[in-house]
Amino acid sequence: MRGSGQGRVPAFKRLVQAVVLGIAALALSAGVAGAVPAFAAQTGQPCASCHVGGFGPQLTPTGRAFKLRGYTLRTTTFNVPLSIAAQASYVRTMKAQPPAPGFNANDNWALDQLNIFFAGGYGSHLGAFIQTTYDGVAKAWHWDNLDLRAVTTTKIGRTPMVLGLSVNNGPTVQDAWNTLPGWGYPYTTSALSPSPAAAPLIGSLAQNTLGATAYAWINSQIYLEGGGYTSPSALFLTRAGVDPYDPGNIDGVAPYGRIAYQKNYGNHNFELGAFAMAANLYPGHVETTGFTDHYTDLGLDGSFQFFAKNKDVFTINGRYTNERQRLDASQLLGLAATNRVRLQDARFDASYYWRNEIGLTVGAFDTWGTRDELLYAGNRTFRPDSSGLLFQIDGTPFGRSSSPFGPRFNLRVGVQYTDYLSFDGSGANYDGLGGKASDNNSVRVFAWVAY
């Protein structure tokens, strides 16, 4: 089928970019005027009020409400709306890997990320979360998560409602639950750790798209959201430090929808939801064929949290994504053998935090799909199948109270272990050269500092 039927929508791109510039200008001007503090100082609350384990990004119900209300809650009149964070780690894999430039084949120490945040609320209606990141492995800066919000509150009868608009640079970055790809487990990783090649599109569009979504948060229980995403120009993305060719550029607008139901029962909280996205993509930015690849992602998610009186916290998160691909363009370009492909992905994690400070998290993932000799030519079975387990132990000593370095300082240290049961198609000889999935197992010791 030729193209997408949507055509180009440059007016939508101009509208989204104008909204970005407008809200960003207001947010930045607020910072200069002294009215936009950083989140922790702005709310006057310890990190554990909004984050499970006393460190982001996993949110509590209080943290979700803060985000959905546009980052506007405040208890102080002025705080500097800037923060900085850094992640450093040591990574060892079971078997040596092709080394990244400037690194060894194994046993690497690295500054994984250095982040600078502009984060705060402006009055009762505007808020911003703007992140730029230095990638210590690629040794380059790039724009990272962007979430600009405009919100208002109203009532339908006696039912309170928050109405909001988010302008962001990746589907699910604006989401308030830690079940979707934008903020899902694992919450910290290293580019030096091996990872499978295949993943649903909805989790692969962060930083290389720009979109606007409108949402309603009804009675702090029902969440409804809808909007669309488009691709900025290749020149813009290159200047922003992002590869514009991976996975490609969207033809027209890619619609996105989200629904969730959350309920609190005393110290218990649960959420059930669904999400959907459809996109017509020119692979590798190649538009000369006149054809696109069409992706439809449908998914379900859920979470459960229990906050014990002794400050212990239990959480469970899960997600399932079913992606259908019609690869007309890729087939013409010789990138896919067939034009009908299906990819499925399931994720689950459970954690226990003792006194909301020392945590153990166990996760499991499974990705599987249709065999294709060209699309997955890099492995012996020509399949995307990968599965495994993830373990993490971490400690956050200052999440519930101020540190010796002041109330803005926070620290998390931890150990991760990834155990692959299958990798890029198989558990044994996946690459046709005798490679085992377990060769990619990795141990990572990390420190994550925020101020």
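Each chain has its residues counted from 1, following the order in which its sequence is written. Where local features are concerned, this predicted model is filtered to residues with pLDDT of at least 70; where side-chain atom pairs are given and counted, the filter is 80 or more; whole-chain, interface and lining totals use all residues. For side-chain calculations, the full set of non-hydrogen atoms in the structure is used, while hydrogens and water are omitted.

A. Examining the overall build of the chain more closely. The helix and strand tally for the chain stands at six helices and 17 strands. Note on method: radius of gyration uses C-alpha positions; expected globular size equals 2.2 Å times residues raised to 0.38. Computed over its C-alpha atoms, the radius of gyration of the chain comes to 22 Å, within 12% of the 22 Å expected for a compact globule of 451 residues. Each principal axis of the C-alpha atoms in the chain carries an extent, and together these give about 60 × 50 × 40 Å. Burial classes follow relative accessibility: with a 1.4 Å probe on protein chains only, a residue under 20% of its type's maximum area counts as buried, one over 50% as exposed, and anything between as partly exposed. Taking all 451 residues of the chain together, the buried fraction comes to 51%. Only heavy atoms matter for contacts: two residues are in contact if any of them lie within 4.5 Å across the pair. Pairs at least 24 apart in sequence give 67% of the contacts found in the chain among residues at least 6 apart. The protein chains shown are the only cover counted for residues, whose accessible areas, like all others here, come from Shrake-Rupley with a 1.4 Å probe. Carbon and sulfur atoms form 63% of the exposed surface of the chain, whose accessible area is close to 19,200 Å². With 34 positive and 30 negative side-chain charges, the chain shows a spacing of 8 Å between the two charge centroids. Helix and strand assignments follow DSSP, with helices taken as H or I runs no shorter than four residues and strands as E runs no shorter than two, numbered in order from the N terminus. Under the convention used here, Asp and Glu are negative, Lys and Arg are positive, and both His and the chain ends fall outside the count. Charge positions come from single atoms, namely NZ of Lys, CZ of Arg, CG of Asp or CD of Glu.

B. Structural context of helix α4 (residues 61–68). Taken residue by residue, α4 has Gly63, Arg64, Phe66, Lys67 and Leu68 as its buried positions. Once α4 finishes, Gly70 follows within two positions and takes phi at roughly 80°, a positive value.

C. Spotlight on the nonpolar core. For the purposes of this section, nonpolar cores are sets of buried Ala, Val, Leu, Ile, Met, Phe, Trp, Tyr and Cys residues that join through side-chain atoms within 4.5 Å. Within the largest apolar cluster, 19 residues are counted, with the highest numbers of intra-cluster contacts made by Leu201, Tyr256 and Met277. Looking at this core, the elements with two or more residues in it are β9 (254–265), β10 (268–283) and β13 (340–354).

D. Quick peek at the packing of aromatic side chains. Only rings of Phe, Tyr and Trp enter the pairing, Trp through its six-membered ring, and a pair is recorded when the two centres are within 6.5 Å. The plane angle decides the type: under 30 degrees is stacked, over 60 is edge-to-face, the rest tilted. Enumeration according to the criterion identifies 26 aromatic pairs in this entry. The interplanar angle of 5° and the centroid separation of 6.1 Å between the aromatic rings of Tyr265 and Phe270 together place this pair among those described as stacked. Under the relative-accessibility criterion, Phe270 is labelled partly exposed at 26%. With centroids separated by 6.1 Å and ring planes inclined at 55°, the aromatic side chains of Phe398 and Phe409 adopt a geometry described as tilted.

E. Inspection of unusual backbone geometry at higher detail. Of note, the amide linkage connecting Gly56 to Pro57 takes the cis form, showing an omega dihedral of 5°. By secondary structure assignment, the location of Pro57 is in the loop between α3 (47–50) and α4. In this structure, the amide linkage connecting Tyr185 to the following residue, Pro186, adopts the cis form with an omega of 5°. As for its position among the elements, Pro186 is in the loop between β5 (159–168) and β6 (210–218). With a phi angle near 85°, Lys311 is a residue other than glycine that sits in the positive phi range. Summarising the element assignment, Lys311 is placed in the loop between β11 (293–307) and β12 (313–327). Looking at Lys311, the relative accessible area reads 46%, which means it is partly exposed. Although it is not a glycine, Asn356 sits at a positive phi angle of roughly 60°.

F. Here's a closer look at the side chain of Thr72. Looking at the element boundaries, Thr72 is found in the loop between α4 and β1 (82–93). Among the residues examined, Thr72 registers a relative accessible area of 13% and is labelled buried. Within the local environment of Thr72, its side chain forms a polar contact with the backbone oxygen of Arg69, the two atoms lying 2.7 Å apart. If we skip the residues at most four places from it in the chain, Thr72 touches Gln42, Phe66, Gly121, Gly123, Ser124, His125, Leu126 and Val151. Throughout this description, a polar contact denotes any pair of N or O atoms lying within 3.5 Å of each other; where both atoms belong to protein, one of them has to be capable of donating a hydrogen while the other can accept it, and for residues adjacent in sequence the pair is counted only when both atoms sit in side chains.

G. Spatial organisation of the pairing of β9. Between any two strands, pairing holds if DSSP finds at least two bridges. The pairing of strand β7 (residues 222–230) with β9 spans eight bridges and is antiparallel. Along β9, the bridge assignment pairs Gly227 with Tyr256. Note: β9 against β10, ten bridges, orientation antiparallel. Along β10, the bridge assignment pairs Arg258 with Phe275.

H. Representation of the environment of Gln174 in the model. Locating Gln174 in the fold gives a position in the loop between β5 and β6. Considered as a pair, Gln174 and Phe129 are 45 residues apart in the sequence and their alpha carbons are 9.7 Å apart. If near-sequence neighbours (up to four positions away) are discounted, Gln174 is found in contact with Lys67, Asp147, Arg149, Ser166, Asn168, Thr213, Glu225, Tyr229 and Tyr256. Polar side-chain contacts of Gln174 include one of 3.2 Å to the backbone nitrogen of Thr172.

I. A look at the pattern of salt bridges. The term salt bridge refers to a pairing of a side-chain nitrogen on Lys or Arg with a carboxyl oxygen on Asp or Glu at a separation within 4 Å. This structure, assessed with the given rule, holds twelve salt bridges. Residues Arg258 and Asp301 are paired through a salt bridge, measuring 2.7 Å at the closest nitrogen-oxygen approach. Of this pair, Arg258 sits in strand β9 while Asp301 is found in strand β11, placing the two residues 43 residues apart along the sequence. Judged by relative accessible area, Arg258 falls into the buried class, the value being 4%.

J. How the structure looks around the pairing of β1. Pairing geometry for β1 and strand β2 (residues 108–122), over ten bridges, is antiparallel. Considered in β2, the bridge of Ser83 is made with Phe117. Where β1 lies against strand β17 (residues 442–450), nine bridges are found, and the strand directions are antiparallel. Bridge pairing in β17 places Ala86 opposite Val449.

K. Molecular detail of the environment of Thr396. As for its placement among the helices and strands, Thr396 is situated in the loop between β15 (386–395) and β16 (410–422). Exposure remark for Thr396: the relative accessible area of 1% places this residue in the buried category. Between the C-alpha atom of Thr396 and that of Val162, which follows or precedes it by 234 residues, the distance is 33 Å. Aside from chain neighbours lying at most four places away, what touches Thr396 is Gly53, Gly54, Phe55, Glu357, Asn410, Leu411 and Arg412.

L. Representation of a nonpolar patch on the surface within the structure. A cluster of nonpolar side chains, contributed by Ile84, Ile116, Trp141 and Tyr451, occupies part of the molecular surface with about 380 Å² of accessible area. Within the element layout of this structure, Tyr451 appears in the segment after β17. Here Tyr451 falls in the partly exposed class, since its relative accessible area comes to 44%. Only residues whose relative accessible area exceeds 30% and that take part in no salt bridge are eligible for patches, with like-charged residues grouped when within 9 Å of each other and nonpolar side chains (Val, Leu, Ile, Met, Phe, Trp, Tyr) grouped when within 5 Å.

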